[in-house]
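# Residue-level structural notes
Chain residues, written in single-letter form:
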Amino acid sequence: MSRYNPKVTEAKWQRQWDEAALFRAEQTPDKPKYYVLEMFPYPSGRIHMGHVRNYTIGDVLSRFYMSRGYNVLHPMGWDAFGMPAENAAMEKGTHPADWTYDNIAAMRTQLKQVGLAIDWSREIATCDPSYYGHEQALFLDFMEAGLVYRRESWVNWDPVDQTVLANEQVIDGCGWRSGAPVERRKLSQWFLKITEFADELLDDLKALERWPEKVRTMQENWIGRSEGLQFSFEIEGLEDRLEVYTTRPDTIFGASFCAVAVDHPLALKLAETNADLMAFIKECQRSGTSQEALEAAEKKGFNTGLVARHPFDEGSDLPIYVANFVLMDYGTGAIFGCPAHDQRDLDFARKYGLAVRPVVVPHDQSPDAFSVGAEAYTGPGRLAHSHFLDGMSIEDAQAHVIGLAEKGGWGRGQVTFRLRDWGISRQRYWGTPIPIIHCEHCGIVPVPRDQLPLVLPEDISFDKPGNPIAHHPDWKHTTCPRCQKPALRETDTLDTFVDSSWYFIRFTAPQSDRPIDRAAADYWLPVDQYTGGVEHAILHLLYARFFTRALKRCGHLDLDEPFAGLFTQGMVNHMTYRDEAGQWVFPSLVRENDAGALIRSDSGLKITAGRVEKMSKSKRNVVDPDDIIDQYGADTARWFVLSDSPPERDLIWTETGIEGAWRFTQRLWRLVSAAQGALVAPGTPVRADLSGDSLDLRRSVHKAIEGVTGDITGLHLNRAVARLYQLANAIAAADVPNIDPACYREALEMLVRLVSPMMPHLAEELWQSLGHKTMLTGAPWPEADPALLVEDSVTIGVQVGGKLRDTIDCAKDASGPDVEALALASDKVRRAIGDQTIRKIVVVPNRIVNIVI
RNA sequence: GCCCCUGUGGCGGAACUGGUAGACGCGCCAGACUCAAAAUCUGGUUCUCGCAAGGGAGUGUCGGUUCGAGUCCGACCGGGGGCACCA
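The structure reproduced in this document is the subject of the present report. What you see is a predicted model; the values in this text were computed from it and never measured.

Attention now goes to unusual backbone geometry. That bond from L452 to P453 is cis: its omega, 0°, falls within 30 degrees of zero. With respect to the element layout, P453 can be found in the loop between β22 (443-446) and α13 (468-471). Backbone torsion omega between L525 and P526 reads 0°, so that peptide bond is classified as cis. Position of P526 among the secondary structure elements: in the loop between α16 (518-524) and β26 (529-533). Backbone geometry at H387 places phi at a positive 50°, although glycine is not the residue there. Structurally, H387 is set in the loop between β17 (382-383) and α12 (394-408). A positive phi angle, close to 65°, is found at N846, a residue other than glycine.

Before going further, it helps to examine the packing of helix α21 (residues 692-713) against helix α22 (residues 717-733). Two elements in contact, α21 and α22, have axes separated by 9 Å at closest approach and are oriented at 170°. Between α21 and α22, the crossing angle belongs to the class labelled roughly antiparallel. The way α21 lies across α22 gives a crossing that is left-handed. Counting all contacts with α21, which are made through L697, S700, V701, A704, G707, V708, D711 and I712, the residues of α22 involved are L717, R719, A720, R723, L724, L727, A730 and I731. Residue composition of the contact of α21 with α22, grouped by class: eleven nonpolar, two polar and three charged.

On to the protein's contact with RNA strand B, then. Close to RNA strand B lie 66 residues; N167, N221, R428, R719 and R847 are nearest. A share of 66% of the atoms of RNA strand B within 4 Å of the protein falls on sugar and phosphate groups. For RNA strand B, a sugar or linking oxygen lies 2.7 Å from a polar atom in the side chain of D79. With respect to RNA strand B, the side chain of N729 contributes an N or O atom lying 3.2 Å from a phosphate oxygen. In terms of residues, the surface near RNA strand B owes the most to one element, α22, which gives six residues.

Right, let's talk about the pairing of strand β33 (residues 793-800) for a bit. In terms of residue burial, β33 counts as a mostly covered element, since six of its eight residues are buried. The pairing of β33 with strand β34 (residues 803-811) spans eight bridges and is antiparallel. By the bridge assignment for β34, V800 is matched with K803. Linkage of β33 to β34, two consecutive antiparallel strands, is achieved through a turn of two residues, within which G801 is found at a positive phi near 60°.

Criteria and cut-off values
Residues numbered from 1 in each chain as written. Chains lettered and ligands numbered in written order. Predicted model: local features only at pLDDT ≥ 70, side-chain atom pairs only at ≥ 80, totals over all residues. Heavy atoms only, no water. Helix = DSSP H or I, 4+ residues; strand = E, 2+ residues; numbered from the N terminus. Axes fitted to C-alpha atoms, helices over the stretch in contact; angles between N-to-C directions. Parallel < 35°, antiparallel > 145°, perpendicular 65-115°, else oblique. Left-handed = near helix turned anticlockwise from the far one by under 90°. Contact = heavy atoms within 4.5 Å. Nonpolar A, V, L, I, M, F, W, Y, C, P; charged D, E, K, R; others polar. Near = heavy atom within 4 Å. Polar contact = N/O pair within 3.5 Å; in protein donor to acceptor, adjacent residues only side chain to side chain. Buried < 20%, exposed > 50% of the residue type's maximum accessible area, 1.4 Å probe, protein only. Pairing = 2+ DSSP bridges.

Next up, the structure:
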């Protein structure tokens, strides 16, 4: 018997699918549509196992829905703008465009070898003017719709390299290249008004039933709607009042200080005449702009000497601090601190010796005895030590204080969101140019639409630090479209999240001369199943949801939610290895010597195995998909990434695992090949009166159809794989001479058909060798015969006092008394009961009997 | 620091809405085939006491709800993801 040769077979079927144009998405009214999408890759140069896993999951769905009679759209493209291309340009001197397009070409070849059912005619790259030109048009549409504005905001500034740094380029507060301490700087930047949709983005999460609960929760928290009180304190000796926002107006009597952000106008004004305060502010600005850096920093404050008057409690005035943990972006940039009921305030109060007065007391404690130690109390309770609020619930007290503030005219109830507007300006070359002209006379003027795409300059130099476009000798010099006088182009480019906020829409009509073809978008959208990593759970997905709504407002779409179903897949991990010299070692170099110790195959150095971690180039714990496909074929690689781990969890890549998958592909091949001679002709009907082993086999087959279908629909792909192993075991264990020949053929055919979405090449090959002349891809999905799925007897457990003592076989749906009698007839059960009295017998039909003693 | 997720044999995992914990795969052990090896096939494999029959323990830890908890509730510990300029 010949061995299965994936190299020849996979190439053969890929060619045939291609020639038959099977994966070309058709927009026809006779069939329902199904849009399958995986997050498009950044063209880093080579695909990694994470890609293989991601695209295989999507591919299984594509092929499955194709055979269930849908018009399937399964496209591929490239998230092709971004920093790595510029870094490569700086390090290797290659042009970002050349580097990117070379990478795309290499990765396309690799992806094609995986045998994905992709409509390659729709391929797009975001760095292509035919894509980003339309994006520029959309930017202008947003501008006309009032969704774009410009204001100052903070960036990480590297004082040595004279350049803006991304958060990931700030390491321990210093620039990654220069090592110089990073400063915060203000720059005029472009923003999109995502906050205008905050309520909608929050409310509509509820309707996203096919999104993971955790992603919805994360977005909910990110948007962060809160109801509170905005009010102002009188400041002793000053005309100005201090405007603060609080979500806990009930704790007003527990206030012991006020604090403003380091970039709050009051702080800046005081710093003009206070050198110490100025130094403190400068000190605080010597850290990155990331939330993490700000919040993880030790809480520090500067006492301004100013005092805020408590609105109710004349005796207790509150010192005003400038504090590094107050955020200018949230609320009013100023707070009152109630240390007893907020952890950050408590940490601050302990450091500066401020009073900690509990004003909310848990229901089971007395107001006089309750005190707060190292942890703030944020739970439920009753108000205490709060004059007229005493005894109220938190909710009542909040409503009461807000009411008083509104009546007294010194404050009002206010809804605040944590969500901030989306800053889309980047001071970089490799991105979409923002189509704006700055004119001294006319101000901000959009680039006329007939001049789009506004393309990036090609002759660019990375010799100097900073933004290469701004350094370009003539690109930015232009004339104002309004007054025709000399003017300057905007040199900022768009955040790459803008590119990925509408690519799934462009896929519906990638060649259209308008950004969006309404008919195509109406037909294909929303995406039915979107798959990608959880790391995109908030930003990318929220931006895309916002973009869809903004496009609707501009008349491009009639759609609110872009992704009807979302699936977040886990990472691919691998064991790490280090040699005696402390170097990380590629798994392909690890060998076991005769003594069973791990050594390097090149140098012979001893190796120690470390933790299992996410595959990463830096730790070298990577496996190259090319090597795997070369050695085992794409089907084996696909089978392995689908097996074992549930797709939403991390997968551990192991050499033994891929070998197990390889054995299974060979086993399937042998199973079908061995049957060849003995098979009846294709299409021979299976008799209805099977019995014995044939009937048992047929039941297993139909249960597998039912199970696999359900597993794929529910995205439990690892369970589908396990079921197929079971089915193969059942077929292999069958005593062929005793099995009805038509039944045996059916079993083999169903195995092949059920395996086909996962191992499409092998399935085609086996289908052909079973005597079929037409391709399996796209052929209708099998249906289970319901009559073969019903069981007439069940085995259930019998517990005595909650402990399993025996199992009994009984008729399905047998009545309580019958099952009870059967259970009590068991020797093991009687022994377990002994001479104890039976207090009660719980019978759950078809499940369990529990005899309570 | 804040938000979210996760924790089951030697390993990856299975267990529908609370009802026989460990399906399936990997590894390991024994056997068959072979001059031998590889491949393949058959059987076994949670731990523990026991020759066996049989008993006991067991789903990160501690506690709770229940006739019954891997599953629900509370606290804690370990691992991971996100935190707005990585994509």
